[in-house]
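# Working through the structure, step by step
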Amino acid sequence: YKNAVRIMEEAIELRPNVAQFYAMYGSLLDELKQYDKAIAALGTAVETFPKDEQLNFILGSIYDKVGKKQQTIEKMKFVLTINPEHVQALNYLAYTYAEMEIELEQAKQMAEKALSIKPDDGYIKDTLGWVLYKKGKFAEAVKVLEAAHQSQSGESIIAEHLGDAYYAFDLVDKALKMYQKAAQL
């Protein structure tokens, strides 16, 4: 990664007008957990390319990693003003709202919209199930989270969410099995 970062820095210096170079650079810095450096570079990039969906999305996701939820929300909303069908932004914002337990009806609508665009995506199913769980609709949450788990059975967070839904729906034995699976993963 460090060599790739150096190469991208050189590429940006030689051709600063290529938005994709900044996106790759920001993603590499993200992998290295150099979040402050990534935020600075992507902040500069979005000034140069203000309507680039990918740059704004990556910057929003990195804001989330440093605990800047409001900036994350603002960036995801901005991406959706550029492209209202940006699946990753719809899913990210819906999940963020669910985690914060705010705007749950809007989160549900966004997750459903994302799922209508990518109906087989287990991560989007997880988001919708998690929103339903947060809304207290445990029977619906179980159904959706089971589908998410079926398509992404190796994902610990989905197993954990399904365990939470089982537990809330008083399916304690199933919850325990899911929690054990989540811990193994």
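Okay, so let's go over this structure. Everything quoted here is computed from the prediction, not taken from an experiment.

### A look at the overall build of the protein chain
Along the backbone of the protein chain there are 11 helices and zero strands. Summing over all exposed atoms, the protein chain offers an accessible surface of approximately 9,900 Å²; the carbon and sulfur share of this is 50%. Each charge sign in the protein chain was given a centre, from 22 positive and 27 negative side chains, and these centres are 1 Å apart.

### Focus: the environment of E146
Looking at where E146 falls in the secondary structure, it is placed in helix α9 (residues 138-151). Spatially, the C-alpha atom of E146 lies 28 Å from that of K69, the residues being 77 residues apart in sequence.

### What to know about helix α6 (residues 87-100)
Relative to the 20 Å expected for 14 residues at 1.5 Å per residue, α6 spans 20 Å between its end C-alpha atoms, a close match to the ideal helical length. Judged by how many residues are buried, α6 sits mostly within the fold: 10 of 14 residues are covered. Along α6, the residues that are buried comprise V87, A89, L90, N91, Y92, L93, A94, T96, Y97 and A98. Each element contacted by the buried residues of α6 is listed here: α4 (53-65), α5 (69-82), α7 (104-117) and α8 (122-134). At the C-terminal side of α6, E101 shows a positive phi close to 55°.

### Regarding the nonpolar core
Counting residues in hydrophobic clusters, the biggest one holds 35 residues, and the most contacted among them are L93 and M110. Listing elements by their share of this core, those giving two or more residues are α5, α6, α7, α8, α9, α10 (156-168) and α11 (172-184). Element by element, the count of residues in this core is highest for α6, at eight residues. Dropping the residues within four chain positions of it, M110 is found in contact with L80, L90, L93, A94 and Y97. Ranked by size, the runner-up nonpolar core spans 23 residues in total, among them I12, Y25, I58 and I62.

### What about a nonpolar patch on the surface?
Together, Y167, V172 and Y179 line one region of the surface with nonpolar side chains, adding up to about 290 Å² of accessible area. Mapped onto the fold, Y179 is located in helix α11.

### Points about helix α3 (residues 35-48)
Over its 14 residues, α3 runs 20 Å from end to end, which matches the ideal 20 Å to within 8%, given 1.5 Å per residue. Against α2 (19-31), α4 and α5 lie the buried residues of α3.

### Comments concerning the packing of α9 against α10
Two elements in contact, α9 and α10, have axes separated by 9 Å at closest approach and are oriented at 155°. Classified by the angle their axes make, α9 and α10 are roughly antiparallel. Helix-helix and strand crossings are classified by hand; for α9 and α10 the assignment is left-handed. In this structure, α9 contributes F138, A141, V142, L145, E146, A148 and H149 to the contact, and α10 contributes I158, A159, H161, L162, A165, Y166 and A168. Residue classes in the contact of α9 with α10 are distributed as 11 nonpolar, two polar and one charged.

### Brief notes about the side chain of N56
Topologically, N56 is positioned in helix α4. For N56, the side chain forms a polar contact with the main-chain oxygen of D52, separated by 2.9 Å. In contact with N56, not counting residues within four places along its chain, are V46, F49, P50, K51, K75, F78, V79 and I82.

### Describing unusual backbone geometry
Residue E101 is not a glycine yet carries a positive backbone phi of 55°. Although it is not a glycine, E103 adopts a positive phi angle of roughly 45°. Here E103 shows up in the loop between α6 and α7. Exposure remark for E103: the relative accessible area of 46% places this residue in the partly exposed category.

Scoring rules and cut-offs
- Position numbers for residues count from 1 along each chain, tracking the sequence in the order it is written.
- Restriction of local features to residues with pLDDT of at least 70 applies here, the model being predicted, together with a cutoff of 80 or more for giving and counting side-chain atom pairs; totals for whole chains, interfaces and linings are based on all residues.
- Neither water nor hydrogens contribute to the side-chain values; these are computed over all heavy atoms in the structure.
- Put simply, DSSP marks the helices as runs of H or I at least four residues long and the strands as runs of E at least two long, and each gets a number from the N terminus on.
- Areas reported as accessible are Shrake-Rupley estimates using a 1.4 Å probe. Residue values count occlusion only from the protein chains shown.
- As used throughout, the charge tally considers Lys and Arg to be positive and Asp and Glu to be negative, leaving His and the chain termini uncounted.
- Working definition for charges: the position is that of NZ of Lys, CZ of Arg, CG of Asp or CD of Glu.
- Residue count minus one, scaled by 1.5 Å, sets the expected span of a helix.
- Three labels apply to residues, based on accessible area from a 1.4 Å probe with only protein chains included: buried if under 20% of the type maximum, exposed if over 50%, partly exposed otherwise in between.
- Two residues form a contact once any of their heavy atoms are found within 4.5 Å.
- As used here, the term nonpolar core means buried Ala, Val, Leu, Ile, Met, Phe, Trp, Tyr and Cys residues forming a set that is joined through side-chain atoms within 4.5 Å.
- Only residues whose relative accessible area exceeds 30% and that take part in no salt bridge are eligible for patches, with like-charged residues grouped when within 9 Å of each other and nonpolar side chains (Val, Leu, Ile, Met, Phe, Trp, Tyr) grouped when within 5 Å.
- For this analysis, a salt bridge means a side-chain nitrogen from Lys or Arg found within 4 Å of a carboxyl oxygen belonging to Asp or Glu.
- Axis definition: a line fitted to C-alpha atoms, over the contacting stretch in the case of helices. Angles run 0 to 180 degrees between N-to-C directions.
- Any angle from 65 to 115 degrees is called roughly perpendicular, while one under 35 is roughly parallel, one over 145 is roughly antiparallel, and all others are oblique.
- Left-handed describes a crossing whose near helix is turned anticlockwise from the far helix through less than a right angle; right-handed describes the clockwise counterpart.
- Only Asp, Glu, Lys and Arg are considered charged, only Ala, Val, Leu, Ile, Met, Phe, Trp, Tyr, Cys and Pro nonpolar, and every remaining residue, Gly among them, polar.
- Pairs of N or O atoms within 3.5 Å make up the polar contacts considered here, provided that, within protein, one atom can donate a hydrogen while the other can accept it, and that residues adjacent in sequence are counted only when both atoms are side-chain atoms.

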